Amino acid sequence: MTAKPAAAAARATVYGYPRQGQNRELKKAIEGYWKGRVDADALRETAAGLRRGTWQQLADAGVHEVPTGDFSYYDHVLDTSVMVGAVPERHRDAVRTDALDGYFAMARGTQDVAPLEMTKWFDTNYHYLVPELGPDTAFTADSAKQVAEFGEALALGHTPRPVLVGPVTYLLLAKAAPGVAADFEPLTLLDRLLPVYAEVLADLRAAGAEWVQLDEPALVQDRTPAELNAAARAYRELGGLTDRPKLLVASYFGRLGDALPVLAKSPVEGLALDFTESGAGNLADLAAAGGLPGKRLVAGVVNGRNIWINDYEKSLATLGTLLGLADHVDVSASSSLLHVPLDAGTERDIDPQIARWLAFARQKTEEIVVLARGLSGGTEAIAAELAANRADLASRTDAVITRDPAVRARTAAITDADGRRSQPYTERALAQRAHLGLPLLPTTTIGSFPQTTELRTARADLRAGRIDAAGYEERIKDEIREVLSFQEKAGLDVLVHGEPERNDMVQYFAEQLTGYLATQHGWVQSYGTRYVRPPVLAGDISRPEPMTVRWTTYAQSLTERPVKGMLTGPVTMLAWSFVRDDQPLGETARQVALALRDEVNDLEANGTSVIQVDEPALRETLPLRAAEHAAYLEWATESFRLATSGVRPDTQIHTHMCYAEFGDIVQAIDDLDADVISLEAARSHMQVARELAAHGYPREAGPGVYDIHSPRIPSTEEAAALLRKGLEAIPAARLWVNPDCGLKTRGWPETRTSLENLVAAAREIRAELPTEAA
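Residues numbered from 1 in each chain as written. Predicted model: local features only at pLDDT ≥ 70, side-chain atom pairs only at ≥ 80, totals over all residues. Heavy atoms only, no water.

*Asks:* What is the right way to look at the pairing of strand β20 (residues 700-703) in this model?
*Replies:* Look at any regular strand and the pattern is simple: side chains alternate between the two faces of the sheet. Neither face of β20 is exposed, since Glu 700 and Gly 702 on one face and Ala 701 and Pro 703 on the opposite face are all buried. Bridging between strand β19 (residues 676-679) and β20 involves 4 bridges; their strand directions are parallel. Paired with Leu 679 across the two strands is Pro 703, which belongs to β20. One crossover worth recording links β19 to the parallel β20 by way of helix α26 (residues 687-695), and it is right-handed. (Buried < 20%, exposed > 50% of the residue type's maximum accessible area, 1.4 Å probe, protein only. Helix = DSSP H or I, 4+ residues; strand = E, 2+ residues; numbered from the N terminus. Pairing = 2+ DSSP bridges. Right-handed = clockwise from strand over helix to strand, strands pointing away.)

So this is what it looks like as structure tokens:
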């Protein structure tokens, strides 16, 4: 296709960019600040340097308009709460005393004050801090951060576009504050919030901003007529302001649907839409709505969430069609590039042929610039880039790694019986109780124990050749012995080996499965200073040999108490990887499930009676539109059962989920047919226990009583109070006692005390129960 030149040259831009720096400089500076090794001025200078570097890199690549305000010390939704003055009462003294320390107190809590609740950002693995609002919330504008960062970029000679979370999305993401009626709807505060946004917009206009981006991803979800009316009112009011910049309302992660005509008719100057596979339908909807006459369209044609190279010809065809639907078309990624690593060019250990298939943030920026040139000048302007792109796409299609006939034959042979346990839960539960002999309110942990400096040093020593494999394994054994000894002394009932040999719950397995690739520098922010390196799922999956049996069996040999085997489930293996995009997700999930089934069966054969298959991403990966839920949940739950259904009735299967809203997938949790599920519940005050009870969930459950994402040490009294709330929803015979999540990120001193308090709380409540509770 030869694109017709637009009336004005198409511009390249991005919605947002990774914050951490090439070597995670931001993480190191913030954690240094928390530990007192870095002062506030040094932290701010590190942050400013990272912002300067990002803007210069974008400008050098050919991006015409750089985002500002998307940088964050912890979370951009938390930044929005600060911007609108929505600071919970319990944090106000800390914020008044020191704004930076108060900010981190809201994110992480202190020993005396609980943090804000944390949950998943739509269907990504990024976590945001949930705003707490109530009918008495009084908003006040604080545009200092937004104005300052805009001014920094402007002073450096860039064309900045401030990025704000839009008012409708902000309120739809919020929850009722503690003590407020659960049915309070934060969206009722819209009329109170809009004047604050108007003030921030006026401040940015006074600072010189021509455009401001307002992100409204919540509008790609199913929205009620009242919510759509609220969006129409919000942008009618903000668009009607006289003292404001031009407004670009950005949506991403999917199809706008009924919200598209609402925004198209509003008096804003531009819309940003997703035109990748996730936003399928936006093109037709835009045409049906009559296009965007008089408006700017920012077209997200480069996938902002996955790492495969763009198909230039396909994207140019979409862009060419869009030229007839808006006054001006610019080119961008489908979302912020926050969700991908920084630079594929730093990966030296990946086969050069495969490396050509990968596009991280820097490469996606280059793709966007190429497409903008092609849209403006026609295909002849990018002939060399098109030829190289065709060759790279073809080499991936034809590569041996992508297809394994044996794997495909095995998945084709799956039957319905392969995904069902041999006995129903009621019969299995009796067999498991007889086999395991556990008390009421059995105590356990989720799996991982602190990853100490000594463990990280041992891994570095192994990689550097300072110790050999035998020396490394002795260090791992020492750690397992210490972890088991502590658990026995603390009084835990079901033990874990602590996972000292594992770098990450997905990467560890990916490195042992065919079809996966590991990166060295592919860090992506999960929350705060927590970064992960998602592996790349490039081809068909199989398990050449056992992955965990050796360490689990060794741990079991050291104790009479049951030791859980710990695995990561198929959905999470997909969700926390950069998954292949050349076949349906369900097919890939079945391949992973069969590999895990082999591991589960080998664990059981080697004496493991309790096996946990974690699926924290089950809710996270739920499609944003309800019409797509059933198809997803069918293959997601099937893949879990396929991985776990080959064991005897007296082998107890656990699963774990955390930091998501579970109310709308309780039936799917039931459909997993796990014997025990542990879930995050401490920050949400046992909400999930009530949701399970309302559904009539018939199996055992462990709603967490220890929030491991905060440095706070919960007291025995606090844990006991949460347990009592749990018992209001779940009978004692089916209630487990555990933390919210794994303890990998915590230190040993707080871990010891917190778990000792957890066990003491369980014993206290156990003593209060009537004999017939058993």
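*Asks:* Sorry, what's going on with the nonpolar core here?
*Replies:* For soluble globular proteins, nonpolar side chains are generally found buried alongside one another. Counting 115 residues, the largest nonpolar core has Tyr 170 and Leu 319 as its most contacted members. By residue number, the principal contributor to this core is helix α8 (residues 190-207), which donates 8 residues. Membership of the second largest hydrophobic core comes to 101 residues, among which are Leu 484, Tyr 554, Phe 640 and Ile 730. (Core = buried A, V, L, I, M, F, W, Y, C linked by side-chain atoms within 4.5 Å.)

*Asks:* Quick question: what am I supposed to make of the packing of helix α3 (residues 76-83) against helix α5 (residues 99-108) here?
*Replies:* Axes are the key here: two packed helices are described by the angle between their axes and the distance separating the axes. The contact between α3 and α5 brings their axes to 11 Å, and the two run at 125 degrees. It follows that α3 is oblique to α5 by the angle criterion. Crossing handedness for the pair α3 and α5: right-handed. On the side of α3, the interface is formed by Leu 78, Asp 79 and Val 82, while α5 contributes Tyr 103, Met 106 and Ala 107. (Axes fitted to C-alpha atoms, helices over the stretch in contact; angles between N-to-C directions. Parallel < 35°, antiparallel > 145°, perpendicular 65-115°, else oblique. Left-handed = near helix turned anticlockwise from the far one by under 90°. Contact = heavy atoms within 4.5 Å.)

*Asks:* What am I meant to see in the sheet that holds strand β9 (residues 270-274) here?
*Replies:* Within the open sheet, the 7 strands sit side by side as β1-β5-β7-β8-β9-β10-β11. Their pairing is parallel. Edge strands, defined here as strands with exactly one partner in the open sheet, are β1 (66-68) and β11 (326-333). Along the sheet, successive strands turn relative to each other by an average axial angle of 30 degrees, direction set aside. Both strand β10 (residues 292-302) and β11 contribute to a ladder of 7 bridges, which runs parallel. When the sheet's bridge partners are listed, Val 302 is paired in β11 with Ala 333. In the packing of α8 onto the sheet, the strands contacted are β5 (160-165), β7 (211-215) and β8 (246-250), and the crossing angle to β5 comes to about 170 degrees. Against the sheet, helix α12 (residues 312-322) makes contact with β10 and β11, and its axis sits at roughly 175 degrees relative to β10, the strand it touches most.

*Asks:* What is the right way to look at the pattern of salt bridges in this model?
*Replies:* Working definition: two side chains of opposite charge can pair if their charged atoms are close together. Scanning the entire structure with this criterion turns up 58 salt bridges. Here Asp 602 ties to Arg 543 by a salt bridge, and the two come within 2.8 Å at their closest N and O atoms. One end of the pair, Asp 602, is in helix α23 (residues 585-605); the other, Arg 543, is in the loop between β15 (536-542) and α21 (549-556), and 59 residues separate them in sequence. For Asp 602, a relative accessible area of 25% puts it in the partly exposed group. What emerges from the salt-bridge pattern is a single network uniting Arg 421, Arg 428, Asp 670, Asp 673, Asp 675 and Arg 699. (Salt bridge = Lys/Arg side-chain N within 4 Å of Asp/Glu carboxyl O.)

*Asks:* Before we go on, may I ask you to explain the environment of Thr 137 in this structure?
*Replies:* Mapped onto the secondary structure, Thr 137 falls in the loop between β4 (132-133) and α6 (144-155). Taking the relative accessible area as the measure of exposure, Thr 137 reaches 15% and is therefore buried. Separated by 50 residues in the primary sequence, Thr 137 and Val 87 place their C-alpha atoms 9.2 Å from one another. Side-chain polar atoms of Thr 137 contact the backbone nitrogen of Gly 134, separated by 2.8 Å. (Polar contact = N/O pair within 3.5 Å; in protein donor to acceptor, adjacent residues only side chain to side chain.)

*Asks:* I would appreciate a short explanation of the pairing of β15 in the present structure.
*Replies:* Most of β15 sits out of view: 6 of its 7 residues are buried. As paired elements, strand β12 (residues 514-517) and β15 share 3 bridges and run antiparallel to each other. Directly across from Leu 517, in β15, lies its bridge partner Val 536.

*Asks:* Could you clarify how one ought to interpret α12 in this entry?
*Replies:* Taken together, the buried positions of α12 are Tyr 312, Ser 315, Leu 316, Thr 318, Leu 319 and Leu 322. In an axial view of α12, the angular spread of the buried residues amounts to 160 degrees, which keeps them on one side of the axis. Each element contacted by the buried residues of α12 is listed here: α11 (282-288), β10, β11, α14 (361-377) and α15 (383-397). (Arc of directions from axis to C-beta.)

*Asks:* Would you mind going over the packing of aromatic side chains with me for this structure?
*Replies:* To describe a pair of aromatic rings, one takes the distance between the centres and the angle between the planes. Enumeration over the complete set of coordinates arrives at 16 aromatic pairs. Between Tyr 15 and Tyr 252 the ring centres are 6.0 Å apart and the planes differ by 35 degrees, which places this aromatic pair in the tilted class. Taken together, the residues Tyr 15 in the segment before α1 (25-34) and Tyr 252 in the loop between β8 and α10 (259-264) connect sequence positions 237 residues apart. Ring geometry for Phe 486 against Trp 748: centres 5.5 Å apart, planes inclined by 85 degrees, an arrangement best described as edge-to-face. In this pair, Phe 486 is assigned in helix α19 (residues 469-490) and Trp 748 in helix α28 (residues 748-768), connecting sequence segments 262 residues apart. Judged on exposure class, the residue Phe 486 and its partner Trp 748 are both buried. By way of ring pairs, the aromatic residues Tyr 33, Trp 34, Phe 71, Tyr 73, Tyr 74, Tyr 103 and Phe 104 are connected into one cluster. In this structure, Arg 24 is placed above the aromatic ring of Trp 523, and the distance from its NZ or CZ to the ring centre is 3.7 Å. Positioned above the aromatic ring of Trp 211 is the side chain of Arg 296, whose terminal nitrogen or guanidinium carbon lies 4.7 Å from the ring centre. (Phe/Tyr/Trp six-rings, centres within 6.5 Å; stacked < 30°, edge-to-face > 60°. Lys NZ or Arg CZ within 6 Å of the ring centre and 35° of its normal.)

*Asks:* Please explain the sheet that holds β19 as it appears in this structure.
*Replies:* Strand pairing within a sheet occurs via backbone hydrogen bonds; the two strands may be parallel or antiparallel. If you walk across this open sheet you meet the 5 strands as β16-β17-β18-β19-β20, and the pairing is parallel. Two strands close off the open sheet at either side, each with one partner strand: β16 (564-568) and β20. Averaged over all pairs of adjacent strands, the angle between their axes in this sheet comes to 20 degrees, without regard to strand direction.

*Asks:* Sorry if this is basic, but what is going on with the confidence of the model for the protein here?
*Replies:* In low-pLDDT segments, the atomic positions of the prediction should not be examined closely. Per-residue pLDDT for the protein has a mean of 95; in total, 98% of the residues score no lower than 70. Per-residue pLDDT stays below 50 along residues 1-6; that stretch engages in 17 contacts with residues further than four places along the chain or on separate chains. (pLDDT = per-residue confidence, 0-100.)

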